[in-house]
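# Examining the three-dimensional arrangement
Listed below, chain by chain, are the residues.
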Amino acid sequence: MSSVTSAEVLIDSLLDWGVNTVFGLPGDGINGIMEALRTRQDKIRFVQVRHEEAAAFMACAYAKYTGKLGVCLATSGPGGIHLLNGLYDAKLDCQPVLAVTGMHYHDLIGTLAQQDVELDKLFEDVTVFNQRVMGVTHVENLVDLACRTAISNRGVAHITFPTDLQDQELSRKQASKRNLPHHTSDVCAQGARLPPVEDLRRAADILNAGKRVAILAGQGALRAGEQLEAVAERLGAPIVKALLGKAVVPDDSPYTTGGIGLLGTKPSQTALEECDTVLIVGSSFPYIEFMPKPGKARGIQIDIDPRRIGLRFPVEIGLVGDCRRALDELLPLLQRQDDREFLKEAQKGMAEWQANLRKQEGRSDMPMKPQVVAAELGRRLAATAIISCDSGTNTTWWARHIPAKRGQMFSCSGNLASMAGGLPYTIAAQIAYPERQCVAFVGDGGFSMLMAEFATAVKYQLPIKVVVLKNNTLGQIKWEQMVFLGNPEYGCELQPIDFAAFARACGGHGFTIDDPATCGEILDEALAVRGPTLIEAVVDPYEPPMPPNVTLEQAAHFATSLAKGEPNRKKIALTVAEDKIREMV
């Protein structure tokens, strides 16, 4: 029997855990691991990225879209450091990701050698499992525990691997007497994940007593849409969706009022303000100011993680378990609410809200409005499309104007709200689902941070479609400076880039849209093209992402920012005034 190296043990162990894709970038700190991947390339795919941050984003997105373990790989020192932002995305959105990093020679650690960064110490905050390989017989044990911990705890696991140990051949003579061969397992055990019966009954009693019940659903309920609609029907309850729960139920469901928060809808905000009972399902929606005021509503929460019970709202009952299974158990205990007035009011409000959105989406004036681009794209997406977004004003248009259809998937960097994630997310989605339409809807600020990854899509001939809203400004930051603080915008203007030319320079296809009259036609052409395609949409930089309800404080800050000398105050004031007039017409 031929001997194997410790790096080969690593890759073989990952194969045992069902891993078939690794995102990363080579480097001399992981040469042994790269060789193990090369000799097993018929079993496991290595996806070369242009920046390690993108590899971590891809691993996170892969986990989000597949429910499987995402894996990323980086070399020692700066390579591992570059992973951190994407790994924090996984941590904050509770995704199972394994990061493997190189380390320099094991007997020179701490001696001021080149790339002497102790990555296990650096990764301490981002991980649920974090260990350094101490020898060849240590690898199998670590990989099994790292994978199991990442999956069961829905978090980031990290193994850092000194480069000289990667080439060492496995010999049981090197093992300690307690480290018996193959004493660990690649079995991933799952518990029942069901709340206690008594807690379910108490929760049902509270929900049955409610007259105006609202449901707040998030990412944890993504596979429980059918159950959510059944509960909504039983209780006459509108379903409010947190951002990561956009695809929980389709936007044409008669029960949903759409999103909540600054990117949300007025009917959703009204539902949470006026409810007497709230059922929170798989959500840790962070904006507490949009939740019912404590003491005004009773609360029930379902979550797989007991730490998150009562995190944002003082619920009376916490049901710890899988959302779908918990709702299945809860539904038979619920009584039909005969008074449907609360749901009807929400539906009426939603019809009015959608009518206003249609007005915005049908505008033909110039410069082109971003709402037009989002709506035209949404009409053309396949029934099984996967749509990823970035962080910025583009998130507002994605949340409101690209309707979620049953069978589609949507995601973005949620709690971290990092820019630059939209393109890597889409690449990961296309690799996971080569037969599905995968689209990125991003802004020019976020896209330009990791735009080199478009070349990654070209390298692997991934037929992704990337829509870049080009307004030559960091729009979200600009509006936050003005509306939240009352200051004129500063440091937000971007040097224009010809993104369509860039796409063609990478070997892909590039299109430009700058007129709403031709927007749909050009999108049709671009979406039909085979191969990686970028659509640059030049949009109005002065179009504000208005919150569902503008507060007096926000209005005062906005006026103050104009008075202080906002450089584009005339154009902004005119655009805002026109938008409000159109809403009233």
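Located above this text is the structure these notes cover.
This structure is a prediction, so every number in the text was calculated from the model and none was measured. (Residues numbered from 1 in each chain as written. Predicted model: local features only at pLDDT ≥ 70, side-chain atom pairs only at ≥ 80, totals over all residues. Heavy atoms only, no water.)

### Some remarks on the packing of aromatic side chains
To keep it simple, the criterion reads: Between 30 and 60 degrees the pair is tilted, below 30 it is stacked and above 60 it is edge-to-face, where a pair is any two Phe, Tyr or Trp rings, Trp via its six-membered ring, whose centres lie within 6.5 Å. Going along the chain from the N terminus, every DSSP run of H or I of four or more residues is numbered as a helix, and every run of E of two or more is numbered as a strand. For each residue, the accessible area found with a 1.4 Å probe, counting protein chains only, is set against the maximum for its type, and the residue is called buried under 20%, exposed over 50%, and partly exposed in between. Geometrically, a lysine NZ or arginine CZ counts as sitting over a ring once it is within 6 Å of the ring centre and also within 35 degrees of the ring normal.
In the structure shown here, the tally under the stated rule is eight aromatic pairs. With centroids separated by 6.0 Å and ring planes inclined at 65°, the aromatic side chains of phenylalanine 23 and tyrosine 62 adopt a geometry described as edge-to-face. One end of the pair, phenylalanine 23, is in strand S1 (residues 21-24); the other, tyrosine 62, is in helix H3 (residues 52-66), with 39 residues separating them in the sequence. Judged by relative accessible area, phenylalanine 23 falls into the buried class, the value being 0%. Relative accessible area serves as the criterion here: at 7%, tyrosine 62 is assigned to the buried category. Each ring, one from phenylalanine 447 and one from phenylalanine 499, has its centre 5.6 Å from the other, and the planes form 75°; the classification is edge-to-face. Of the two residues, phenylalanine 447 is situated in helix H17 (residues 444-449) and phenylalanine 499 in helix H20 (residues 499-506); the sequence distance between them amounts to 52 residues. Residues phenylalanine 447 and phenylalanine 499 agree in their burial class; the two are buried. Connected via pairs of aromatic rings, a cluster forms that spans Phe447, Phe454, Phe499 and Phe502. Its guanidinium or amino end placed over the ring of tryptophan 398, lysine 246 lies 5.7 Å from that ring's centre, counting from NZ or CZ.

### Considering the pairing of strand S13 (residues 386-389)
Put simply, the test is: Paired strands are those between which DSSP finds at least two bridges. Handedness rule for crossovers: strands pointing away from the viewer, path from the first strand over the helix to the second running clockwise, crossover right-handed.
The alternating pattern of S13 places Ile386 and Ser388 and Ile387 and Cys389 on opposite faces, both of which are buried. Where S13 meets strand S14 (residues 409-411), three bridges bridge the pair, whose relative direction is parallel. For isoleucine 387, the partnering residue across the bridge sits in S14 and is phenylalanine 410. On the question of chirality, the crossover connecting S13 to the parallel S14 by way of helix H15 (residues 393-401) is right-handed.

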